[in-house]
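# Fold and geometry: a report
Residues per chain are reported as follows:
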Amino acid sequence: MKVIFSLTILFSLFLASCNSEPSLQKYFVENTDNKNFVALDVSSSILNVNQTKLSVAQKDALHSFDKINILAFKRNDKNNPQFETERAKVNLILKDEKYQQLMKFGSGKEGASVSFVGSDDHIEEFVLYANKKENGFAVVRILGKDMNPTHIMNMIRVLQQSNINLEQLKPLEGLLKK
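What you are looking at is a predicted structure, and each value in this text was computed from that prediction instead of being measured.

The next subject is the confidence of the model for the protein. A low pLDDT means the predicted coordinates there should not be read in detail. Confidence in the prediction for the protein averages 82 pLDDT; 80% of positions are at 70 or higher. Note on residues 2-17: pLDDT is under 50 here. Beyond four places in sequence and across chains, it has 0 contacts.

Now for the pairing of strand S2 (residues 65-74). The element S2 is extensively covered by neighbouring structure, given that 7 of its 10 residues are classed as buried. With 7 bridges connecting them, strand S1 (residues 37-43) and S2 associate as antiparallel partners. Bridge pairing in S2 places Asp41 opposite Asn69. Sheet analysis places S2 next to strand S6 (residues 136-147), joined by 9 bridges and oriented antiparallel. Opposite Leu71, over in S6, you have Val139 as the bridge partner.

Here we come to the side chain of Asn154. Looking at the element boundaries, Asn154 is found in helix H5 (residues 149-161). According to the relative accessible area criterion, Asn154 is buried, its value standing at 8%. In this structure, Asn154 is in contact with Ala57, Gln58 and Ala61, ignoring residues within four places of it in sequence.

Right, let's talk about the packing of aromatic side chains for a bit. For the structure shown, the criterion picks out 8 aromatic pairs. Residues Tyr27 and Phe37 carry aromatic rings whose centres are separated by 6.1 Å and whose planes lie at 80 degrees to one another, so their mutual orientation is edge-to-face. On the criterion of sequence distance, the pair formed by Tyr27 in helix H2 (residues 24-31) and Phe37 in strand S1 is long-range, its members being 10 residues apart. You'll find Tyr27 and Phe37 in the same group, each marked buried. Each residue in the set Tyr27, Phe37, Phe73, Phe83, Tyr129 and Phe137 is aromatic and connected to the rest through ring pairs, giving one cluster. Over the aromatic face of Phe28 sits the side chain of Arg141, whose NZ or CZ is 5.6 Å from the ring centroid.

Criteria and cut-off values
- Residues numbered from 1 in each chain as written.
- Predicted model: local features only at pLDDT ≥ 70, side-chain atom pairs only at ≥ 80, totals over all residues.
- Heavy atoms only, no water.
- pLDDT = per-residue confidence, 0-100.
- Contact = heavy atoms within 4.5 Å.
- Buried < 20%, exposed > 50% of the residue type's maximum accessible area, 1.4 Å probe, protein only.
- Helix = DSSP H or I, 4+ residues; strand = E, 2+ residues; numbered from the N terminus.
- Pairing = 2+ DSSP bridges.
- Phe/Tyr/Trp six-rings, centres within 6.5 Å; stacked < 30°, edge-to-face > 60°.
- Lys NZ or Arg CZ within 6 Å of the ring centre and 35° of its normal.

Written as structure tokens, this is what we have:
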């Protein structure tokens, strides 16, 4: 009986992992090696902050932050059709109800949005999406454990005190120029 129960649970987990719904994580994995994209994983070490100077609340915020995944599409004259296709894919993924939009601004040619996954007090992921028709688009996933709005405010204060290691962001340099 235990064997049947264990096999049933294992099979259920397998089926759940084979979910064919689009997600940002799948999108990142599928496009990491695509020549039109720049993909980066940035660890919390980028902040290069002296933790002894942080308040308890700031330390909690820093510990809730795990890493940042960045995927950016650099548009050029040769890949414009793919740019439109990829931008539509990201927009479709972000319309899923698990991505709760906090704010959106901009026009048809350029814009940005901020969304999150999780509940108000237990945010797993913040998603920043920005696109500019002339340059391309970028999706930034800020991953963490039990992040909340207070942590975000404290993280902003931590960022102000940090000595950010820009070397980790070097691959994005070409995207900002145009």
